[in-house]
Amino acid sequence: QVQLVESGGGRVQPGGSLRLSCAASSTIFESIFVVYNMNWYRKAPGKDRELVASITRSGNLNLADSVWGRFTISRDNAANTLYLQMNFLKPEDTAVYYCNAKARDEYWGQGTQVTVSP
C-alpha cells in the first residue's frame, strides 16, 4: 500500500509560480521511488486527464509539450516527496493536479486545485 498526499495548490495570477508537493508513504517500502515510477497528471473541467510530467525509477524525466520549459518535476528520495515546480503559469494550466505512483500496481493522491486567473 502506498499513500500519496498532494499539497501546494492555490490561486495565482498568470505568469506566477507554484510548487506542488506529493508526500509518499508506505507500510511496505522505505524508498518508494526505487519501486514506483512517479507522475503528475491534471484534470481540467471538460477535458481529458493529461499526463503532465513523469520521473522514472532510474530518474528519467518527461514533460508534456504543453508545459515544456515552464514546469519541472523532481523528487527527494530521502523524504519520499515528489515535486512539480510550475513557472510562467497560464490560465489553461487551471486544473486539479494529481500525484500518481505506478509499477505493477497504481496509486493516486486526492488531488490539489490549481487556479490561474487575473
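Structural data are supplied above this passage.
Residues numbered from 1 in each chain as written. Predicted model: local features only at pLDDT ≥ 70, side-chain atom pairs only at ≥ 80, totals over all residues. Heavy atoms only, no water.

Undergrad: I'm lost on the environment of Arg-75 in this one. Help?
TA: Relative to the elements of secondary structure, Arg-75 occurs in strand E7 (residues 71-76). As for Arg-75 and Val-34, which are separated by 41 residues in sequence, their C-alpha atoms are 11 Å apart. If we ignore the near neighbours within four places in the chain, the residues touching Arg-75 are Phe-33, Ile-55, Thr-56, Arg-57, Ser-58, Gly-59, Thr-81, Leu-82 and Tyr-83. (Helix = DSSP H or I, 4+ residues; strand = E, 2+ residues; numbered from the N terminus. Contact = heavy atoms within 4.5 Å.)

Undergrad: Looking at this structure, I do not really get the pairing of strand E5 (residues 50-55). What am I missing?
TA: Looking down a regular strand, the side chains alternate between one sheet face and the other. With five bridges joining them, strand E4 (residues 37-43) and E5 adopt antiparallel strand pairing. By the bridge assignment for E5, Asn-39 is matched with Ser-54. If you look at the hairpin formed by E4 and E5, you'll find six residues sitting between the two strands, and Gly-46 has a positive phi there, around 80°. Bridge analysis of E5 against strand E6 (residues 61-63) gives three bridges, and the strand direction is antiparallel. Across the sheet, residue Ser-54 finds its bridge partner in E6, namely Asn-62. From the end of E5 to the start of E6, which pair antiparallel, there are five residues, and Gly-59 there has a positive phi angle of about 100°. (Pairing = 2+ DSSP bridges.)

Undergrad: I keep staring at the pattern of salt bridges and nothing clicks. Help me out?
TA: Opposite charge on two side chains makes pairing possible when the charged atoms of those side chains draw close. Within the structure shown, the criterion is met by three salt bridges. Across the pair Glu-50 and Arg-42 runs a salt bridge, and its minimum N-O distance is 2.8 Å. Take Arg-42: its relative accessible area is 7%, and that puts it in the buried class. Arg-70 is paired through a salt bridge with Asp-93; the nearest N and O atoms lie 2.7 Å apart. Within this pair, whereas Arg-70 is found in the loop between E6 and E7, its partner Asp-93 is found in the loop between strand E8 (81-86) and strand E9 (95-102), the two being separated by 23 residues in sequence. In this structure Arg-70 comes out as buried when scored by relative accessible area, which is 9%. By relative accessible area, Asp-93 is classed as buried at 0%. Within the structure, one salt-bridge network assembled from shared partners comprises Arg-42, Glu-50, Arg-70 and Asp-93. (Salt bridge = Lys/Arg side-chain N within 4 Å of Asp/Glu carboxyl O. Buried < 20%, exposed > 50% of the residue type's maximum accessible area, 1.4 Å probe, protein only.)

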